[in-house]
Amino acid sequence: MGPEGKRLLNIVILGFGFMFMFTAFQTCGNIEQTVIKSFNSTEFHGSGYTSMAIIYGVFSASNLIAPSVVTVIGPQLSMFFSGLLYSGYIAMFIYPYTWIFYTASVFVGIGAAVLWTAQGNVLAINSTDSTIGRNSGIFWALLQFSLFFGNLYIYLAWHGHVHITDKDRQTVFISLTVISLVGCFLFFLIRKPDPESPPSEVTESLLPGESIESSSASSAPPSLCSQALDAFLKACKMFVTKEMLLLSVSIGYTGLELTFYSGVYGTCIGAMTRFGQDAKSLIGISGICIGVGEILGGGVFGMLNKSTRFGRNPVVLLGLITHFVAFYLIFLNIASDAPLAPEGGTDLQAYITPSIGVALLCSFLLGLGDSCFNTQLLSIIGFLFRDNSAPAFAVFKFIQSIMAALAFFYSNYLLLHWQLLILVVVGFLGSMSFFVAEWVAESSRRASDYDSI
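Computed from a predicted structure; not experimentally measured. (Residues numbered from 1 in each chain as written. Predicted model: local features only at pLDDT ≥ 70, side-chain atom pairs only at ≥ 80, totals over all residues. Heavy atoms only, no water.)

Enquirer: Would you explain the overall build of the protein in this entry?
Expert: Within the protein, the regular secondary structure consists of 15 helices and zero strands. Looking at the protein as a whole, 57% of its 453 residues are labelled buried. Restricting the contact set of the protein to residue pairs at least 6 apart, pairs at least 24 apart contribute 86%. Split by element, the accessible area of the protein, about 17,900 Å² in all, is 69% carbon and sulfur. (Helix = DSSP H or I, 4+ residues; strand = E, 2+ residues; numbered from the N terminus. Buried < 20%, exposed > 50% of the residue type's maximum accessible area, 1.4 Å probe, protein only. Contact = heavy atoms within 4.5 Å. Areas by Shrake-Rupley, 256 points an atom, 1.4 Å probe, with all protein chains shown as cover.)

Enquirer: Would you mind going over helix H1 (residues 3-37) with me for this structure?
Expert: What sets the pattern is the α-helix's 3.6 residues per turn: residues three or four places apart point alike. Compared with an ideal rise of 1.5 Å per residue, which puts 35 residues at 51 Å, H1 spans 51 Å between its outermost C-alpha atoms and is within 8% of the ideal. At Ile31, H1 shows its maximal kink, close to 50 degrees. Taken across its 35 residues, H1 has 25 buried, putting it largely inside the fold. (Expected span 1.5 Å × (residues − 1). Bend = angle between axes of the 7 residues up to and from the residue.)

Enquirer: Please explain the nonpolar core as it appears in this structure.
Expert: Across soluble globular proteins, you tend to see nonpolar side chains buried next to one another. Formed by 117 residues in total, the largest nonpolar core has its most connected members in Phe18, Tyr89 and Phe173. If you count residues domain by domain, this core takes at least three from each of domain 1 (1-192) and domain 2 (240-445). What Phe173 contacts, discounting residues up to four positions off in sequence, is Cys28, Ile31, Val35, Ile90, Phe93 and Ile94. (Core = buried A, V, L, I, M, F, W, Y, C linked by side-chain atoms within 4.5 Å. Domains from an automatic or database assignment.)

Enquirer: Is there a simple way to think about the pattern of salt bridges in this case?
Expert: Evaluation of the coordinates by the stated rule reveals three salt bridges. Members of the salt-bridge network, linked through shared partners, are Glu4, Arg7 and Arg134. (Salt bridge = Lys/Arg side-chain N within 4 Å of Asp/Glu carboxyl O.)

Enquirer: Explanation requested: the side chain of Ser250 in the structure shown.
Expert: Looking at the secondary structure, you find Ser250 in helix H9 (residues 242-271). At 2.9 Å, the side chain of Ser250 and the backbone oxygen of Leu247 are in polar contact. Setting aside chain neighbours within four positions, we find Ser250 in contact with Leu377, Gly430, Ser433 and Phe434. (Polar contact = N/O pair within 3.5 Å; in protein donor to acceptor, adjacent residues only side chain to side chain.)

Enquirer: Whenever I open this one, the packing of aromatic side chains confuses me. Can you help?
Expert: Centre-to-centre distance and the angle between the planes together describe a pair of aromatic rings. Under the criterion given, the structure shown has 29 aromatic pairs. Ring geometry for Phe80 and Phe188: centres 4.8 Å apart, planes at 50 degrees, overall tilted. Residue Phe80 is located in helix H4 (residues 75-91), and its partner Phe188 is located in the loop between helix H7 (166-186) and helix H8 (224-239); the two are separated by 108 residues in the primary sequence. Residue classification places Phe188 among the partly exposed residues on the basis of a relative accessible area of 32%. (Phe/Tyr/Trp six-rings, centres within 6.5 Å; stacked < 30°, edge-to-face > 60°.)

Enquirer: How do you make sense of empty space enclosed by the protein when you look at a structure like this?
Expert: Tallied over the entire structure, the rule returns seven cavities of 30 Å³ or more. In this model, the largest cavity occupies a volume close to 350 Å³. Taken together, 26 residues line the largest cavity, and the ones lying closest to its centre are Phe22, Gln26, Tyr56, Trp116 and Leu258. Where the lining of the largest cavity is concerned, the elements lending two or more residues are H1, helix H2 (48-62), helix H5 (98-125), helix H6 (132-158), H9, helix H13 (356-384) and helix H14 (389-410). Considering only residue class, the lining of the largest cavity consists of 15 nonpolar, nine polar and two charged. When residues of the lining of the largest cavity are assigned to domains, at least three fall in each of domain 1 (1-192) and domain 2 (240-445). (1 Å grid on protein atoms, 1.4 Å probe; cavity = no way out; pocket = protein on both sides within 12 Å on 5 of 7 lines; lining within 4 Å. Points joined across faces, edges and corners; volume = space filled by probe spheres on them. Nonpolar A, V, L, I, M, F, W, Y, C, P; charged D, E, K, R; others polar.)

Here's what the structure looks like:
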């Protein structure tokens, strides 16, 4: 197998590892608030929204040290140990205790920062300027298959269930824990790609414990502590660059809408008593529709690599329009108190007669729009910061996660129409700032092309 084939295989293995892990974790996040409401134990007093706020809050802070961890132990071990923390969080729901629930949330937040920084590192190492768009799309499509498989299982397991019993919960979460562990071990199949040419600068390490040599063969390699400090300082400096500041608003928007489609919207559907007795199982179907939209977007705009021909801005504009249509239909179709309704659901009338078809169409549009934003953000960050990918993706996840934490926090208090208004305003501003960042990236690419003539 040639060097390009090895890199592509690494991307596919990376995608499958994340697919297994997030089949478990995203399904867990989609149903946990509904599951918590159905607990028979009066000793458990946790909140799914609060847990997710803790996860993303710790996630955001931990992104400041994540590049150092990845530099010291390498992305393979970083992803493996982080995956174990995800698996532990999921396993907690088998026999839940409030203190374990929130403690596990803290550890998952730390693990998430390391996991996604390592993922961005592997993606950049195995990509070139001409393949970063394709590889981002392949990874994103494989990742989003997790929404399809996990939620299909939830639909089949809970079909016709009005109340989720302890046995139902334990069966589901034992299965999800095993699936997550499978994904962890897949990361060991990733191999170091063959270099295209001898590196002239400091190169990024893939295998655990590999030291970074200086340009002078006679000088000693830097210590692990100096490598870790260097990665931390790079992340801090990168945060205030012009390109990252421009992208920060659109990155923040992806954090807000991540919270909405992965946690809030499923809870809203499950609370709509006007959807009938199958409202709980519709959470699974909604997740499948989100996954179909994510996979379609990742395939069309990543695997087919159309974005590099026409630029990234049209794809982001399509994502914005898609989301705005979805938000408007959700506003009309779902009762405003649905995010805050008790287990019995809400009987409040929406602006139109609630339609399951419209609700599932909105799920698809949410997924499609999300894939438009995320594939283009992965592509532009991988292009602009290819030489410093680990700090760049750490900053990306720092911004995204802190906004997701904020959104999970206010989801405990705000009615649906206020949450939608926030999404509309930030989505518009984020798209405008992305357009400017893309023009900067295109100018940089053209200048690079001229320099190579």
